[in-house]
Amino acid sequence: MTPSLIERYRNRLPVSASTPVVSLGEGSTPLLPAPRLADSAGVRELWLKWEASNPTGSYKDRGMTVAVSRALERGAEAVLCASTGNTAASAAAYAARAGLQAVVLTPEGAVSGAKLAQTRMLGATVLEVRGSFDDALRAAQELADRGKHVLVNSLNPDRREGQKTAVFEVVEELGGPPDAFVLPYGGGGNTASYAQALAELGLEVPLVSVEASDRRRTLATAIRIGEPAHASSVESSGARVLDADDDALVDAWRRLAEEEGLFCEPSSAAGLVAVLRGDVAGERLVVTITGHGLKDPAAADRYAPPPVAVPADPEAIVSASAARKR
């Protein structure tokens, strides 16, 4: 039986023997080589930490298993979050696993329909806030302060404790640290978690955090956050912050799918943009791919090449296939 993330890293997490472990089999995600993209970027080794294989399709599950387990241990009856989609699905899934109510606040009209459907299917109460993600988060914090709900956004330190384990896995699998970790930057909680992990391991490894050039209007809804909650932590971590415009995000996103066979959501390709531009020094780089492409199929439908109608004739099929290759 595959151990839960909490069992695997129990001695590095804020849990005890009495903590009820709420798990869906998170963590232990693949670390995959990307030889074609490495060649394009001019680096010897490019590794992709494929966090899309977590139970709800994103890296959020690493932190959520710890946050919900700890909430349950403290006697919580409900959990609460503001979300652009991935935290929502993760909170809903782990709350359902724990037998808790989940209340999710999303910015109205700004979240992928697939993420909302996933969250609704998992039994959460989904409320669309008239405003931005930042407005939703402020409302969630105010509600959590009343003591009826446990906030499970990454402002909850238990979330960051769980998310730091991705770094432990990478270092273990590579037999040492890479020359740099590169990841998307939405709210900044994951960058703060990686920095915490490196400090605990006593490693000085560059962190490169890539945000959308236009944070409030980017097509990458998962990082469409105008006021990153962890901006000060990202700054104090020493992470190098770069930006990527939507054209570059779409190009890297499609190349990852077409050249390496990994279909992620647009925001997940942010780190790859920096590597392909040659902005990250080193010969062994790790890029974290944070969420699955099925999280935002509407974006894929918009940007993927359209299907081609052909008659049921072998020659026509060969001709159309050859034209597609060109």
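Higher on the page you've got the structure.
Residues numbered from 1 in each chain as written. Predicted model: local features only at pLDDT ≥ 70, side-chain atom pairs only at ≥ 80, totals over all residues. Heavy atoms only, no water.

Participant: Help me get a handle on the sheet that holds strand β6 (residues 150–151), residues and values and all.
Facilitator: If you trace the four strands from one edge of the open sheet to the other, you get β5-β4-β3-β6, paired in parallel fashion. Only two strands of the sheet have a single partner each, and these edge strands are β5 (125–129) and β6. Packing against the sheet, helix α5 (residues 113–121) makes contact with β4 (101–107) and β5, and its axis sits at approximately 145° to β5. Contacts from helix α6 (residues 133–144) reach β3 (78–82), β4, β5 and β6 within the one sheet, and its direction differs from that of β3 by about 155°. (Pairing = 2+ DSSP bridges. Helix = DSSP H or I, 4+ residues; strand = E, 2+ residues; numbered from the N terminus. Contact = heavy atoms within 4.5 Å. Axes fitted to C-alpha atoms, helices over the stretch in contact; angles between N-to-C directions.)

Participant: Summarise the pattern of salt bridges; cite the residues concerned and give the values.
Facilitator: For the structure shown, the criterion picks out 23 salt bridges. Residues Asp214 and Arg217 are paired through a salt bridge, measuring 3.1 Å at the closest nitrogen-oxygen approach. On the basis of relative accessible area, Asp214 is assigned to the partly exposed category, the value being 33%. For Arg217, a relative accessible area of 63% puts it in the exposed group. In the salt-bridge network here, residues are joined through shared partners; they are Arg8, Lys49, Glu51, Arg62, Glu169 and Glu172. (Salt bridge = Lys/Arg side-chain N within 4 Å of Asp/Glu carboxyl O. Buried < 20%, exposed > 50% of the residue type's maximum accessible area, 1.4 Å probe, protein only.)

Participant: Residues and numbers for the side chain of Asn190, please.
Facilitator: Turning to its location among the elements, Asn190 is positioned in helix α9 (residues 189–201). Leave out the neighbours within four places in its chain, and Asn190 touches Tyr59, Gln163, Leu183 and Thr290.

Participant: How would you summarise the side chain of Asn54 if you had to cite specific residues and measurements?
Facilitator: Considering the arrangement of structural elements, one finds Asn54 in the loop between β2 (45–50) and α3 (60–73). A polar contact is formed between the side chain of Asn54 and the backbone nitrogen of Gly27, at a distance of 2.9 Å. Dropping the residues within four chain positions of it, Asn54 is found in contact with Glu26, Gly27, Thr29, Tyr59, Asp61 and Arg62. (Polar contact = N/O pair within 3.5 Å; in protein donor to acceptor, adjacent residues only side chain to side chain.)

Participant: Requested: an account of the packing of helix α8 (residues 165–174) against α9, with residues and values cited.
Facilitator: Their axes nearest at 8 Å, the elements α8 and α9 cross at an angle of 55°. Here α8 lies oblique to α9, going by the angle between them. For the pair α8 and α9, the sense of crossing is right-handed. In contact with Ala166, Val167, Phe168 and Val171 of α8, α9 contributes Tyr194, Ala197, Leu198, Glu200 and Leu201. (Parallel < 35°, antiparallel > 145°, perpendicular 65-115°, else oblique. Left-handed = near helix turned anticlockwise from the far one by under 90°.)

Participant: Please give an account of the nonpolar core that cites residues and values.
Facilitator: By size, the foremost hydrophobic cluster in this structure holds 38 residues, and its most contacted members are Leu46, Leu48, Val210, Leu256, Val275 and Val280. Once residues within four sequence positions are removed from consideration, Leu48 is found in contact with Pro30, Leu31, Leu32, Ala34, Leu256, Leu262, Val287 and Ile289. Within the second largest apolar cluster, 25 residues are counted, among which are Leu13, Ala166, Ala195 and Ala197. (Core = buried A, V, L, I, M, F, W, Y, C linked by side-chain atoms within 4.5 Å.)

Participant: Describe the packing of aromatic side chains, and please don't skip the residues or the numbers.
Facilitator: With the rule as written, the count across this model stands at three aromatic pairs. With 5.5 Å between their ring centres and 50° between their planes, Tyr9 and Phe168 make a pair best called tilted. Taken together, the positions of Tyr9 in the loop between α1 (5–8) and β1 (31–33) and Phe168 in helix α8 put the pair 159 residues apart, joining distant regions of the chain. The pair Tyr9 / Phe168 is uniform in exposure class, with both members buried. An angle of 70° between the planes, with centres 6.0 Å apart, marks the rings of Trp253 and Tyr303 as edge-to-face. With a gap of 50 residues between them, Trp253 in helix α11 (residues 246–260) and Tyr303 in helix α13 (residues 297–303) connect regions that are remote in the sequence. Taking relative accessible area as the criterion, Tyr303 reaches 24% and is therefore assigned partly exposed. When the ring centre of Tyr185 is taken as reference, the NZ or CZ atom of Arg215 above it lies at 4.5 Å. (Phe/Tyr/Trp six-rings, centres within 6.5 Å; stacked < 30°, edge-to-face > 60°. Lys NZ or Arg CZ within 6 Å of the ring centre and 35° of its normal.)

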